[in-house]
Amino acid sequence: MTRFLARRLGYLLVTLLVTSLLIFLITQLLPGDVARVILGREASEPALQALRERLGLTRPAPVQYLTWLVAFLRGDWGTSFATEQAIRPLVLERLGNSLMLAGLTLAIAVPLAIALGVAAALRAGRWPDAVISVASLAVVGLPEFVTGLVLIEVFAFRLRWLPANASIAPEAGFLEALPMLILPALTATLVLLAYIARLTRASVLEELGRAYVRTAVLKGLPPRVVLVRHVLRNALLPTVTVVAISVGWLISGLIVVENVFNYPGLGRLLTFAIDRRDVPLLQAISLVAVLAFALANLVADVLYAVLNPRIRLG
Amino acid sequence: MTTSPSPGALATRGPHAFGRALRALFARPGSAIGTSLVAGFLLLAAVGPLIAPYGANEQVFAEARQPPSLARPFGTDHLGRDVFSRVLLGARDIVSVAGLGSLVAVVLGAAAGLLTSYLGGLVEELTFRFFDALLAMPALLLALLLLGMLGPSRANVLIVLTLAYVPIVARVVRSVVLDVKSKDYVAAARMQGEPLPAVLLRDVLPAVLPALAVEAALRFSYAIFLVASLGFLGAGVQPPSPDWGLMIREARTFASLTPWALAAPAVAISVLVVAVNLMAEGLARALQVTRGVR
């Protein structure tokens with residue numbers, strides 16, 4: 001297990017290093033003159049030169065990259081151009097909000113998707129299965145900004161049950177924020193739901209066909225016990241991986257959802273940073289998002305190995 | 001120079017392969033509906049400019065904010081533009097950008113996957129480590145970063161789609177190649193002294209094709225989704241282009257005044273993506289491609 005962990009960690013570090021290089025390339029080298037991107041076409045040469053000095057753009061690229069990475073690792077994330085605020089507290093506060101929304105989304109989506117997937121597999125080929133399969137295919141196709149707008153129309157404008165705007169106050173606790181979180185979380189849930197449910201259905205079906213299941217049924221175990229103790233234990237293994245992968249989708253999804261609901265998370269901050277060409281802010285948000293995604297994958301890998309000895313020992 | 005064909009080759013080759021695949025696609029109601037709808041959208045994209053009653057940015061201020069009627073099937077928006085015409089003309093935009101983007105990604109991804117995984121060794125290791133790093137960024141984040149720094153334009157959206165999808169396609173291709181590489185017929189071809197490109201194209205590629213076809217359909221559906229999301233976020237194609245995502249973004253402000261201007265592009269995107277998904281599902285079933293966990 002220790003060797004497995006060490007290998008996964010090493011792999012994670014290499015990937016993060018290459019990804020950070022990629023982020024640096026995109027934000028600092030690719031545009032040619034970043035100072036001009038930030039200040040616009042009409043900027044004067046002295047102003048451009050001053051910004052280049054401030055960003056350290058006059059130094060050779062490898063030096064720029066290393067200084068930037070080391071500064072980030074030491075917690076010095078710089079100052080935002082758009083707001084003149086220190087970036088770290090801003091990004092961490094928004095990250096907290098995004099994590100709150102992501103957590104609620106996963107808490108709704110994962111149990112619901114597993115229940116739907118198992119239900120569909122147990123009734124494979126009959127109408128509940130068909131309904132779940134077709135509905136999940138349809139839901140997969142709906143972009144978050146469409147489902148979000150529909151939910152707003154129905155629950156906020158027609159029924160007036162929930163607020164349409166989710167711009168929670170910075171000091172609001174989870175319970176205070178909850179009513180505002182429900183619609184964004186439901187919107188993000190719909191995207192994940194179908195994907196996890198379909199994979200759960202497939203893996204439950206596969207396990208149901210195995211010999212050990214037949215043995216368990218034939219020796220007279222009640223169906224519930226067969227399902228919970230034998231089938232699900234094996235069938236839900238791939239689901240662990242799928243949930244980790246869907247964190248990537250969740251991050252993409254949350255960027256859109258937060259913009260639909262004006263929710264003060266990392267995704268909303270990202271589009272703000274892009275509108276203002278706030279390069280240091282963009283870099284910090286990207287690194288944090290990539291780090292969160294990588295950690296989710298690591299947790300899934302470790303969990304998978306804990307649950308499945310074949311991987312750990314192999 | 002003949003070698004024994006792989007099972008995959010049997011499914012995709014032969015005089016009637018195309019007809020067989022088409023029949024399989026229409027064998028189930030879901031994929032039949034999906035495939036027909038996709039064909040319909042492609043047709044609309046082709047003839048849209050011919051049948052659109054108004055130009056995409058033709059403004060008739062006197063007729064602004066009109067609800068749907070016979071003359072204006074989807075009504076007019078806050079600027080007096082004909083929503084029906086804009087949706088029609090937007091079909092060409094999204095189908096061409098998403099289609100071209102996924103096509104380039106599939107071709108490049110297949111080439112990269114075939115070549116590197118066949119060669120193996122350091123080339124493969126380095127290529128796929130780089131792809132891992134690209135995939136470590138959620139697609140929309142990568143897209144927004146690139147478009148934010150390069151500036152939004154159609155060409156840059158294409159670059160984004162390519163960068164986001166080449167690694168995924170390459171991975172799918174690699175998984176098949178690794179499987180086929182050890183098969184006797186490939187070893188036989190090599191030992192006969194066939195040059196590497198011939199082995200790759202004649203013996204390995206046919207086995208990859210079914211999985212590649214399914215992946216292409218899936219990429220198309222994700223590309224539509226991504227392009228529309230970028231439009232909605234204001235990072236993709238810029239106003240006044242009749243991009244569906246952009247139309248939703250613009251119409252949102254006037255949702256209570258002109259709900260039809262919001263509903264029409266939203267329904268269009270949803271139907272198109274669901275149709276492509278249904279087609280991809282049907283294709284996977286017809287070609288017997290099972291997709292593992294990515």
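Above this text is the structure in question.
Residues numbered from 1 in each chain as written. Chains lettered and ligands numbered in written order. Predicted model: local features only at pLDDT ≥ 70, side-chain atom pairs only at ≥ 80, totals over all residues. Heavy atoms only, no water.

Observations regarding the pattern of salt bridges
All names here are of chain B. Within the structure shown, the criterion is met by 16 salt bridges over all chains. The closest approach of N and O atoms between Arg 129 and Glu 125, which form a salt bridge, is 3.3 Å. Of this pair, Arg 129 and Glu 125 both sit in helix H5 (residues 121-135), four residues apart, roughly one helical turn. Under the relative-accessibility criterion, Glu 125 is labelled partly exposed at 40%. We note a salt bridge from Arg 171 to Asp 132, for which the minimum N-O separation is 2.5 Å. Of the two residues, Arg 171 is situated in helix H7 (residues 154-181) and Asp 132 in helix H5; the sequence distance between them amounts to 39 residues. The partly exposed category is assigned to Arg 171, whose relative accessible area is 33%. On the accessibility criterion, Asp 132 (8% relative accessible area) is buried. Residues joined by salt bridges that share partners form a network here, namely Glu 125, Arg 129, Asp 132 and Arg 171. (Salt bridge = Lys/Arg side-chain N within 4 Å of Asp/Glu carboxyl O. Helix = DSSP H or I, 4+ residues; strand = E, 2+ residues; numbered from the N terminus. Buried < 20%, exposed > 50% of the residue type's maximum accessible area, 1.4 Å probe, protein only.)

Looking at the interface of chain B and chain A
Accessible area lost during the coming together of the parts is what is often quoted as the interface size. The interface of chain B with chain A comprises 38 residues on the first partner and 46 residues on the second. The junction of chain B with chain A conceals about 3,800 Å² of combined surface from both sides, 78% of it contributed by carbon and sulfur atoms. Connecting chain B to chain A are one salt bridge. Between chain B and chain A we count six residue pairs in polar contact (both at pLDDT 80 or more) in total. Put simply, the parts of the chain that give the side of chain B that touches chain A at least two residues each are H5, helix H6 (139-150), helix H9 (196-233), helix H10 (244-252) and helix H11 (259-286) of chain B. Here the side of chain B that touches chain A gets ten residues from one element, more than from any other, and that element is H6 of chain B. Split by residue class, the side of chain B that touches chain A holds 29 nonpolar, four polar and five charged. (Contact = heavy atoms within 4.5 Å. Buried area = accessible area lost by both parts, 1.4 Å probe. Polar contact = N/O pair within 3.5 Å; in protein donor to acceptor, adjacent residues only side chain to side chain. Nonpolar A, V, L, I, M, F, W, Y, C, P; charged D, E, K, R; others polar.)

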